[in-house]
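Below, each chain spelled out in residue letters.
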Amino acid sequence: MAKDGEKGEWKDFIWNPRTREFLGRTASSWGLILLFYVIFYIFLAGLFALTMYVMLQTLDEHKPTWQDRLSTPGMVIRPKADETFEIVYNIQKTESWDMYAQALDKFLAPYNNSVQAQKNDECTPDQYFHQEDSGDVKNNPKRSCQFNRTILEECSGINDRYYGYQEGRPCIIIKLNRVIGMLPGNNGQAPYVTCGAKRYKVGKNEWREDTDKIGEMAYFPPNGTFNLMYYPYYGKKAQVNYSQPLVAVKFRNITVNQDVNIECKINANNIPIGSERDKFAGRVSFKLRINTEK
């Protein structure tokens, strides 16, 4: 009998035909509580939307309000086969180096002279290309300076479509990461790239360099400079056609059949030397190995 009573109480709690209550509440009670929560959540949604609207009014669509960046920008190379930054190929095996040539072709396609002439302007070299806004009037979109592929000369891929890879004299393209508003040089001195042997550890307290293996190097543009006219950079939305300046390094007689560890770094009178803790701050390291054996 007790079980029948408990069963009846549960049935009445779910639906009581005498009081017409569902789960202990009448239809009007359920309606009021649902109405309360609907209004409550509409209020919360409206408050959130208003807060977001007010916050968005403080943002500039073309430039970040706050920039928390490293004082030393990063550097990257092309071609980049993988995350290990190793360029390894065999001169005798076309398929081993043709992928590097194709990667450089794809990367340099936007730098074709015809493309640059259509999108960008001829600028005055050796001076910053400032394009400031006039008060609340935004000077957008901002113009960009031409960086023609022919500037890279022997590493442009125009006269040598294989960028020297087929003869063991490969080209490496270096670019500096984009940083909004950066002026990389004081007193008209442009930043420039230098490459050399990377110091690496081979034992507990033993270090080694591959200085004798690197051989002669040639830089394009001359002296490996990033001309000042490509700075400052104003951001992807403000400067939609911006072409990053490049520096090409050609290894003319590097030692073959051996690993050669190389480090390239940026040199400027107002850019601090990168920390050893961040291997990409102002420098980039990679291994180059050219095999000649079949």
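Refer to the structure presented above.
Worth saying up front: this structure is predicted, and the values here are computed from it rather than measured.

(A) Molecular detail of a nonpolar patch on the surface. A cluster of nonpolar side chains, contributed by Phe36, Tyr37, Phe40, Tyr41, Phe43, Leu44 and Leu47, occupies part of the molecular surface with about 730 Å² of accessible area. Relative to the helices and strands, leucine 44 resides in helix α2 (residues 27-57).

(B) Layout of the pairing of strand β9 (residues 217-220). Alternating positions in β9 separate cleanly, Ala218 and Phe220 being buried on one face and Met217 and Tyr219 remaining unburied on the opposite face. As defined by bridge partners, β9 adjoins strand β10 (residues 246-251) across four bridges and the pair is classed as antiparallel. The residue of β10 that forms the bridge with alanine 218 is lysine 250.

(C) A look at the environment of glutamine 67. Mapped onto the secondary structure, glutamine 67 falls in the loop between α2 and β3 (75-78). As for glutamine 67 and valine 179, which are separated by 112 residues in sequence, their C-alpha atoms are 9.5 Å apart.

(D) Geometry of the sheet that holds strand β6 (residues 192-197). Strand order across the open sheet formed by four strands is β4-β12-β11-β6, with mixed pairing between neighbours. Taken across any chain shown, the strands that pair with only one partner, and hence form the sheet edges, are β4 (86-90) and β6. The average angle at which neighbouring strand axes cross in this sheet is 25°, direction not considered. Of the strand pairs in this sheet, β6 and strand β11 (residues 260-267) are connected by six bridges, and their pairing is antiparallel. Looking across to β11, one finds that threonine 194 is bridged to lysine 265.

(E) Just unusual backbone geometry, in detail. The omega torsion across phenylalanine 220 and proline 221 is -5°, close enough to zero to call that bond cis. If you trace the backbone, proline 221 turns up in the loop between β9 and β10. The residue after tyrosine 231, namely proline 232, is reached through a cis peptide bond having omega 0°. You will see that glutamate 153, though not glycine, has its phi angle at about 45°, which is positive. Note that glutamate 153 resides in the loop between α4 (113-119) and β5 (171-176). A residue is classified by how much of its surface remains accessible, and glutamate 153, at 40% relative accessible area, is partly exposed. A positive phi angle, near 70°, is found at asparagine 223, a position not held by glycine. Along the chain, the position of asparagine 223 falls in the loop between β9 and β10.

(F) Representation of the nonpolar core. If you look at the biggest cluster of nonpolar residues, it comprises 57 residues, and the most contacted ones within it are Tyr165, Val193, Phe251, Ile262 and Phe286. In terms of residue count, the dominant contributor to this core is helix α3 (residues 94-108) (six residues). Not counting the four nearest positions on each side in its chain, phenylalanine 286 is found in contact with Ile77, Phe85, Ile172, Phe251, Val260, Asn261, Ile262 and Cys264.

(G) Structural detail: the state of the cysteines. Per the counting criterion, the structure on display carries three disulfides. Through a disulfide, cysteine 123 is tied to cysteine 145; the S-S separation comes to 2.1 Å. Taking the torsion about the S-S bond as the criterion, the cysteine 123 to cysteine 145 disulfide, at about -100°, is left-handed. Of this pair, cysteine 123 sits in the loop between α4 and β5 while cysteine 145 sits in the loop between α4 and β5, placing them 22 residues apart in sequence. There is no split in this pair, since cysteine 123 and cysteine 145 are both buried.

(H) Main features of the sheet that holds β3. Spatial strand order, β3-β5-β10-β9: four strands in an open sheet with antiparallel pairing. A single partner strand is all that each edge strand has here, and the edge strands are β3 and β9. Neighbour-to-neighbour, the strand axes of this sheet turn through a mean angle of 25°, independent of strand direction. Along the sheet, α3 makes contact with β3, β5 and β10, crossing β5 at roughly 40°.

Definitions and cut-offs
Residues numbered from 1 in each chain as written. Predicted model: local features only at pLDDT ≥ 70, side-chain atom pairs only at ≥ 80, totals over all residues. Heavy atoms only, no water. Patch = residues over 30% accessible without salt bridge, like charges linked within 9 Å, V, L, I, M, F, W, Y side chains within 5 Å. Areas by Shrake-Rupley, 256 points an atom, 1.4 Å probe, with all protein chains shown as cover. Salt bridge = Lys/Arg side-chain N within 4 Å of Asp/Glu carboxyl O. Helix = DSSP H or I, 4+ residues; strand = E, 2+ residues; numbered from the N terminus. Buried < 20%, exposed > 50% of the residue type's maximum accessible area, 1.4 Å probe, protein only. Pairing = 2+ DSSP bridges. Axes fitted to C-alpha atoms, helices over the stretch in contact; angles between N-to-C directions. Core = buried A, V, L, I, M, F, W, Y, C linked by side-chain atoms within 4.5 Å. Contact = heavy atoms within 4.5 Å. Disulfide = S-S within 2.5 Å.

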